[in-house]
Amino acid sequence: MTEAILLVGGKGTRLRPLKVHTPKPMLPAAGVPFLTHQLARARAAGVEHIVLATSYLAEVFEPHFGDGSALGLHLEYVTEEEPLGTGGAIRNVASRLRSGPDEPVLVFNGDILTGLDIGALVRTHETSGADVSLHLTRVTDPRAYGLVPTDGAGRVLAFLEKPQTPEEIVTDQINAGAYVFRRSVIDTIPAGRVVSVERETFPGLLAAGAHLQGMVDSTYWLDLGTPAAFVRGSADLVLGKAPSPAVPGRCGDRLVLPTARVAPDAKLAGGTVVGEGALVAEGARVFGSTILPGAVIEPGAVVTDSLIGTRARVGERAVLSGAVIGDGAVIGAHNELREGVRVWCDATIPAGAVRFSSDQ
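Computed from a predicted model, the values in this text were never measured in an experiment.

Participant: Explanation requested: the overall build of the chain in the structure shown.
Facilitator: Looking only at helices and strands, the chain has 7 helices and 30 strands in total. The C-alpha radius of gyration of the chain comes to 22 Å, within 12% of the 21 Å expected for a compact globule of 360 residues. When the backbone C-alpha atoms are referred to their principal axes, the chain occupies close to 70 × 50 × 35 Å. A separation of at least 24 residues holds for 51% of the contacts in the chain among residues at least 6 apart in sequence. Accessible area of the chain: about 15000 Å², with a carbon and sulfur share of 51%.

Listed below in structure tokens is the structure:
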């Protein structure tokens, strides 16, 4: 069985205000903390021992997951005193690993939703004899990612960070954020300082003649770094587009958690999630959105592709599209909030204060 390191220490600044009170991996996606989906998929692939590399709001992980026995796992937690980057975080937890020098260790990021065949990545690593193997995926526009060109046998040729000119875009293959390390390679990462595997460790290994293998797996893949992506990822889990054994219910157009209340004439679709204790009132329409626990959608409100924070309230006949509403915020009746708006936690927008159309 493969053991794993799960990197969950990032601050997730692009997700504010969602992560003001909650680290990104603990934000609810399809009714459970996103991290639950990753742990469940790792367990389904045969992983038994996972070390969580924590930093930001580290104190919230262990009270929720404990020793991991409820998921059939053995979990350990290592907290960075200061953020150490991806490579530094991996090195910082090395003492908790049990693998021998030549055995594989799976490493994956806590902000990627993927349908990766974990077993296939491990098999690729073992059959190729690689020092490190990387999950690669193909994207239409690779400019925001690190490019990883490979040869005909899948051996990595270079690491090209975020190309901007057409001449720099030599492949559509990108680093998808999951790796298998030979255990001994982890011990070569410098300890006690910031290290980036993308910018330092992998290029350094390549320059030293190490064997880095790429495996292209273009099944579902989504970086949940932005609010829009997080909402989409949650909806895709509910719809069954993104695979996870941890979705608490059958896949379909909607997921209504226990104790949530939905009026008989309210309409929910597009992978909408209604969290525990939340209310969707009469005549409301909610499409492709996440309604967190205790939130209220008042009569006639229309909410599309949005995330409504814990205990937040959306007023009567308000219209929200592509909005993020922080925990405890109140959106007064008849407001219109359009794509990209973020309302901070506990803020209040008076009735009819924001509109994009006439007030008629």
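Here the narrative resumes, following the displayed structure.
Participant: Hey, could you run me through the sheet that holds strand E22 (residues 302-304) in this one?
Facilitator: Reading across from one edge, E16-E19-E22-E25-E28 is the order of the 5 strands in this open sheet, with parallel pairing throughout. Edge strands, defined here as strands with exactly one partner in the open sheet, are strand E16 (267-269) and strand E28 (336-337). Across 3 bridges, the pairing between strand E19 (residues 285-287) and E22 is parallel. Note on E22: the bridge partner recorded for Val286 is Val303.

Participant: Looking at this structure, how should I read empty space enclosed by the protein?
Facilitator: Taken as a whole, this structure holds 1 cavity of 30 Å³ or more when the rule is applied. Counted as a void, the largest cavity has a volume near 170 Å³. Along its surface, the largest cavity is lined by 16 residues, and Gln38, Arg41, Phe108, Ile112 and Thr114 are the ones closest to its centre. Residue assignment for the lining of the largest cavity shows that the elements contributing at least two residues are helix H1 (34-44), strand E6 (104-109), strand E7 (112-114) and strand E11 (173-182). The residue inventory of the lining of the largest cavity, partitioned by class, reads 9 nonpolar, 6 polar and 1 charged.

Participant: Whenever I open this one, helix H4 (residues 118-128) confuses me. Can you help?
Facilitator: Along an α-helix, a turn takes 3.6 residues, which lines up residues three or four apart on a common side. Considered for burial, the residues of H4 that qualify are Ile118, Ala120, Leu121, Val122, Thr124 and His125. Looking at the buried residues of H4, the elements they touch are H1, E6, strand E8 (132-138), E11 and strand E12 (212-216). Where H4 begins, the side chain of Asp117 points an oxygen toward the backbone nitrogen of Gly119, at a separation of 3.3 Å. Two residues or fewer after H4 comes Gly129, characterised by a positive phi angle close to 70 degrees.

Participant: I'm lost on the sheet that holds strand E27 (residues 330-331) in this one. Help?
Facilitator: Sheets are built from strands paired through backbone hydrogen bonds, the pairs being either parallel or antiparallel. In space, the 6 strands of this open sheet follow the order E15-E18-E21-E24-E27-E30, with parallel pairing throughout. Of all the strands in the sheet, the pair left with one neighbour each is strand E15 (261-262) and strand E30 (348-349). In terms of strand pairing, strand E18 (residues 279-280) meets strand E21 (residues 296-297) through 2 bridges, oriented parallel. Paired with Leu279 across the strands is Val296, a residue of E21.

Participant: Explanation requested: the nonpolar core in the structure shown.
Facilitator: Nonpolar side chains tend toward joint burial in soluble globular proteins. Ile5, Ile90, Val132, Leu134, Phe181, Phe202 and Leu212 are the most contacted members of the largest nonpolar core, which has 29 residues in total. Taken together, the elements giving at least two residues each to this core come down to strand E1 (3-7), strand E4 (49-54), helix H3 (85-92), E6, E8, E11, helix H5 (183-186) and helix H6 (197-207). What Phe202 contacts, discounting residues up to four positions off in sequence, is Val132, Leu134, Phe159, Asn175, Tyr179, Phe181, Val197 and Leu212.

Participant: Please clarify how the side chain of Arg41 should be interpreted in this entry.
Facilitator: Checked against the element boundaries, Arg41 lands in helix H1. Buried within the structure, Arg41 lacks any salt-bridge partner; Asp117 is the closest side chain of opposite charge, at an N-O distance of 7.0 Å. One polar contact links the side chain of Arg41 to the main-chain carbonyl oxygen of Pro243, over a distance of 3.5 Å. The residues touching Arg41, leaving out its near neighbours within four places in the chain, are Thr114, Gly115, Leu116, Ile118, Pro243, Ser244 and Pro245.

Participant: What exactly am I supposed to notice about the pattern of salt bridges here?
Facilitator: Should their charged atoms come close, side chains of opposite charge can pair. Considering all chains together, one arrives at 12 salt bridges under this definition. A salt bridge links Arg183 to Asp187; its shortest N-O distance comes to 2.7 Å. A relative accessible area of 40% means that Asp187 is categorised as partly exposed. If you follow the salt bridges from partner to partner, you end up with Asp102, Asp131 and Arg182 in one network.

Participant: Is there a simple way to explain the environment of Ala120 in this structure?
Facilitator: Relative to the helices and strands, Ala120 is located in helix H4. A residue is classified by how much of its surface remains accessible, and Ala120, at 17% relative accessible area, is buried. When the C-alpha atoms of Ala120 and Asp217 are compared, they prove to be 9.3 Å apart, with 97 residues separating the residues in sequence.

Participant: How should the packing of aromatic side chains be read in this particular structure?
Facilitator: Aromatic ring pairs are reported here in terms of the distance separating the ring centres and the angle at which the planes meet. Here the structure, examined in full by the defined rule, presents 5 aromatic pairs. Relative to Phe202, the ring of Tyr179 has its centre 5.0 Å away and its plane inclined at 75 degrees; by these criteria the two rings are edge-to-face. Here Tyr179, found in strand E11, pairs with Phe202, found in helix H6; they are 23 residues apart in sequence, far enough to count as distant. Three or more aromatic residues joined by ring pairs make a cluster, and in this case those are Phe159, Tyr179, Phe181 and Phe202.

Participant: Just to check I follow, could you spell out the pairing of E4 for this structure?
Facilitator: Every regular strand shows the same layout, with side chains that alternate between the two sheet faces. For E4, the tally of buried residues reaches 6 of 6 residues, placing the bulk of the element in the interior. A two-sided burial pattern is seen for E4, the buried positions comprising His49, Val51 and Ala53 on one face and Ile50, Leu52 and Thr54 on the other. In this structure, E4 lies alongside strand E5 (residues 74-79), joined through 6 bridges in parallel fashion. When the bridges of E5 are listed, Val51 appears paired with Glu76.

Basis of the calculations
- Residues numbered from 1 in each chain as written.
- Predicted model: local features only at pLDDT ≥ 70, side-chain atom pairs only at ≥ 80, totals over all residues.
- Heavy atoms only, no water.
- Helix = DSSP H or I, 4+ residues; strand = E, 2+ residues; numbered from the N terminus.
- Rg over C-alpha atoms; globule rule 2.2 N^0.38 Å.
- Contact = heavy atoms within 4.5 Å.
- Areas by Shrake-Rupley, 256 points an atom, 1.4 Å probe, with all protein chains shown as cover.
- Pairing = 2+ DSSP bridges.
- 1 Å grid on protein atoms, 1.4 Å probe; cavity = no way out; pocket = protein on both sides within 12 Å on 5 of 7 lines; lining within 4 Å.
- Points joined across faces, edges and corners; volume = space filled by probe spheres on them.
- Nonpolar A, V, L, I, M, F, W, Y, C, P; charged D, E, K, R; others polar.
- Buried < 20%, exposed > 50% of the residue type's maximum accessible area, 1.4 Å probe, protein only.
- Polar contact = N/O pair within 3.5 Å; in protein donor to acceptor, adjacent residues only side chain to side chain.
- Core = buried A, V, L, I, M, F, W, Y, C linked by side-chain atoms within 4.5 Å.
- Lys, Arg positive; Asp, Glu negative; His and termini not counted.
- Salt bridge = Lys/Arg side-chain N within 4 Å of Asp/Glu carboxyl O.
- Phe/Tyr/Trp six-rings, centres within 6.5 Å; stacked < 30°, edge-to-face > 60°.

The analysis is restricted to geometry; functional conclusions fall outside its scope.
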